[in-house]
Protein chains: 2
Amino acid sequence: MRDPYNAFCAHTDARLAGAKSGPLEGLTFAAKDLFDIAGHVTGGGNPDWLAKHPPAQRTAPVVQKLVDAGATMVGKTHTDELSRGIFGENAHYGTPVNPKAPGRLPGGSSSGSAAATAGSLVDFALGTDTGGSVRVPASFCGLYGIRPTHGRLPLDGVIGQAPSFDTVGWFAREPGLFGKIGEVLLGTDLARATRPKRLVIAEDAFALAEPATQVALKPAVEHVTRLIGKSETRKVSSENLSLWLKHQTALQGREAWATFGEWIDRNNPRFGFEVADNFLRGMQCDDDAYNAAQKFRAARRAEIGAWLDAETVVALPTTPFPAPLAGQTRSAMRALRATVINLTCIAGTLGAPQISLPLATVDGLPVGLSLLGPADSDAMLLALAAPATIGKF
Amino acid sequence: MRDPYNAFCAHTDARLAGAKSGPLEGLTFAAKDLFDIAGHVTGGGNPDWLAKHPPAQRTAPVVQKLVDAGATMVGKTHTDELSRGIFGENAHYGTPVNPKAPGRLPGGSSSGSAAATAGSLVDFALGTDTGGSVRVPASFCGLYGIRPTHGRLPLDGVIGQAPSFDTVGWFAREPGLFGKIGEVLLGTDLARATRPKRLVIAEDAFALAEPATQVALKPAVEHVTRLIGKSETRKVSSENLSLWLKHQTALQGREAWATFGEWIDRNNPRFGFEVADNFLRGMQCDDDAYNAAQKFRAARRAEIGAWLDAETVVALPTTPFPAPLAGQTRSAMRALRATVINLTCIAGTLGAPQISLPLATVDGLPVGLSLLGPADSDAMLLALAAPATIGKF
């Protein structure tokens, strides 16, 4: 397969022909190399993981559902190692190319899926989103991307990372297909989805974005405001968002160590230094920090639950800036990552669905506007993104 | 070259023919892949280091000195990544085989040099010893090995790790050659070396060894006692040796980060997880811990300096046990490493020379007896190891 964007894994030729008919008939898609395909080893973005695991016995149900709906799975795509990363850099397999922002990172961890979709190598692609791994590459690569409600789609046959955050999501270039995939996977009819009545413009979230990104997103926010009819500006949190980041990092890091620590201990695998650092910080997260983070999360859910009702949508920047330049130092990327996760951790902490829409650019570089709703508002968000509504922006 | 022990690096065919005559005429040796050989990249045990560095312009003076003395350098040997490790495990290139203890680790970080020497692929080999990297593999592989006085041999053209601890050392199978290399490198005549008058049996160091190792080393200690004529048993330190370990770890870790941190930050290289962990702990060492460790080291040097005079030698176990089984978990190895470094950190903290002598076995597995002297007593120690003295044991 032609792969000018280093999107696909070379270790497998996994391919599943789509059913002869169905809503996704004739379309092609790729799956992040965290999804099991029967008969193939799921590589997880790490050569030692690949070498130490047997081929999967079953295909992940979400993949199978897409195939049954007519789409052909044409390959597996690169991921940050064991999904630990937000920029798409992989020290073993190289960083996928961002087709929409030359010389810049694609975002991750669903980096290959985003690159394959943005580069039109497939019609759409599956990713996972634990801390932002669909939303961030969607923003950087100019794609529609969704992190569904936590727990909404099955993670069977998927290498998870932090169970209380892990979700399956997807990318598409076109809003129509973006929604259609949702209808297939979520089993909903978008035509019957709730229509939101109120848009909340997240003041504290926008404040985290770089000025040029704030300016670039403004017309899109105004467009969504007109569509919904009513908007207000408010902070999503009485607490500083930096605390959300701190506690999300503790929870996710600790859960990731619970998921992978035993395997790491047994195999002493090779990791890019930054990935090892992330795992080690998770390993070092003590009970006090973990318990405090759980309490904080519960408090935020209660606080936001008091106003984020079933007819409300929150607008926020998906990322505080467009795709960063490739080739920066680890410490520079680490600082940038903190500001990115400061935004993506909102949905993660709430377990809420969020879609990123490719409605803006800064100096020609894509940057996404996000819409977030309460748990189980996935259909409402996807319907909002449909060609007849936001899609016409 | 035949390499049944995975001792040699495949990335280079570096070879330097020895001078036609000289004290080491006709002998072969290997150099750990931290030593520069002109025209070849020094790989340092890490593929990203190898890929990102140009070939060395000059050959390290210690290597050249051996070549000038008639020895032929036949290859470069595996090391723990950037010399960070004590057991010889390398996640990229595999762990060299211990020719004297099947199924067990060779020790490191001068693992390939020890394996090549113990397996008779060369007559002798160069290593480096920062925290035990010559002494430990010497003990595990049944070799003579030396950590010279800190600063005694030039580190030019050698990838250093922690400057206040780094030394160049060597391995040999035979005590005669072991001493002869010392004469070449140190420029001394062992026949004129000081003869020690007192042996101190380090009670606190022996207490750290496993009972079987204590028992196994006893006849060798008695032999050395008879040779020297007088011995006494005493603690080397008024402070618990676990504190030596703690402070050495802080100093070495912080220095190692000072040495490699900028390169790591720029390149985000791949490391085995344990190596990354060691670097990260060094990175996290704060000023208070660093300053306390420096004070502790100065106090220990003053304390031991008060009784370790130029005619005194200290006997201690090189390692608390013979070579551990290969294939253990990272956490198990981490615990074992602490007990090993608890012994090796004594010479490191003092900057003192130490030789390991292959004078004992436990269930057929080699374990070394060490002799440590004050700074610049290298010749005295090497003379003690000579065939006419300890060599006859």
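Quick summary incoming for the structure in this document. Quantities reported herein were computed from a predicted structural model and do not represent experimental measurements. In this convention, every chain numbers its residues from 1, walking through the sequence in written order. The naming scheme follows written order: chains are lettered A onward, ligands numbered 1 onward. Confidence filtering applies because this is a predicted model: local features only for residues at pLDDT of at least 70, side-chain atom pairs given and counted only at 80 or more, and all residues used for totals across whole chains, interfaces and linings. Each side-chain value is worked out from all heavy atoms of the structure, with water and hydrogens disregarded.

To continue, consider the interface of chain B and chain A. Any two residues whose heavy atoms approach within 4.5 Å are treated as being in contact. With 23 residues of chain B in contact, the opposing surface of chain A contributes 23 residues. Buried area between chain B and chain A, both sides added, is near 2,000 Å², and the carbon and sulfur share of it is 56%. Any N or O atom pair separated by 3.5 Å or less is treated as a polar contact, with the protein-specific requirement of one donor-capable and one acceptor-capable atom, and with residues adjacent in sequence counted only for side-chain atom pairs. For the interface between chain B and chain A, the tally reads 11 residue pairs in polar contact (both at pLDDT 80 or more). Breaking the side of chain B that touches chain A down by element, the ones donating at least two residues are helix H8 (241-267), strand E8 (270-272), helix H9 (273-284) and helix H11 (330-350) of chain B. Only runs of H or I of at least four residues qualify as helices and only runs of E of at least two qualify as strands under DSSP, and these elements are numbered from the N terminus. At nine residues, H9 of chain B tops the list of elements feeding residues into the side of chain B that touches chain A. Residues are grouped as follows: Ala, Val, Leu, Ile, Met, Phe, Trp, Tyr, Cys and Pro are nonpolar; Asp, Glu, Lys and Arg are charged; every other residue, Gly included, is polar. Class assignment of the residues belonging to the side of chain B that touches chain A gives a composition of 10 nonpolar, six polar and seven charged. The rule for pairing is simple: two strands pair if DSSP sees at least two bridges between them. With three bridges connecting them, strand E8 (residues 270-272) of chain A and E8 of chain B associate as antiparallel partners. Directly across from Phe271 of chain A, in E8 of chain B, lies its bridge partner Phe271 of chain B. Reported buried area values correspond to the accessible surface (1.4 Å probe) lost by two parts on association, with both partners' losses combined.

Turning our attention to the pairing of strand E5 (residues 168-172) of chain B. Each regular strand displays side chains that alternate between the two surfaces of the sheet. Residues and elements named next belong to chain B. Buried, partly exposed and exposed residues are distinguished by accessible area as a fraction of the type maximum, computed with a 1.4 Å probe on protein chains only: under 20%, between the cut-offs, and over 50%, respectively. The buried fraction of E5 amounts to five of the five residues, a majority that puts the element mostly inside the structure. Both faces of E5 are covered, namely the face carrying Val168, Trp170 and Ala172 and the face carrying Gly169 and Phe171. As paired elements, strand E4 (residues 144-147) and E5 share three bridges and run antiparallel to each other. Within E5, the position partnered with Tyr144 by the bridge is Ala172.

Another point: the pattern of salt bridges. The working definition used for a salt bridge is a side-chain nitrogen of Lys or Arg within 4 Å of a carboxyl oxygen of Asp or Glu. Tallied over the entire structure, the rule returns 32 salt bridges over all chains. Of the charged contacts in the structure, one is a salt bridge between Asp277 of chain A and Arg281 of chain A, with a shortest N-O distance of 2.4 Å. Remark: Arg281 of chain A and Asp277 of chain A occur in helix H9 (residues 273-284); sequence separation between them is four residues, near one turn of the helix. Taking relative accessible area as the criterion, Asp277 of chain A reaches 0% and is therefore assigned buried. Across the salt bridge formed by Asp129 of chain B and Arg135 of chain B, the nearest N and O atoms sit 2.9 Å from each other. The residues Asp129 of chain B and Arg135 of chain B share a single accessibility class, namely buried.

Turning our attention to unusual backbone geometry. The bulk of non-glycine residues show a negative phi, and the bulk of peptide bonds are trans. Across the junction of Gly108 of chain A and Ser109 of chain A, the peptide omega takes the value 5°, indicating a cis bond. Inspection of the secondary structure assignment puts Ser109 of chain A in the loop between strand E2 (72-77) and helix H3 (111-118). Notably, Ser120 of chain B is not glycine yet its phi reads approximately 60°, a positive angle. Assignment of secondary structure puts Ser120 of chain B in the loop between helix H3 (111-118) and strand E3 (124-128). With relative accessibility at 48%, the residue Ser120 of chain B sits in the partly exposed group. At Asp363 of chain B, a residue that is not glycine, the phi angle is positive and equals roughly 50°. Within the element layout of this structure, Asp363 of chain B appears in the loop between strand E10 (354-362) and strand E11 (365-372).

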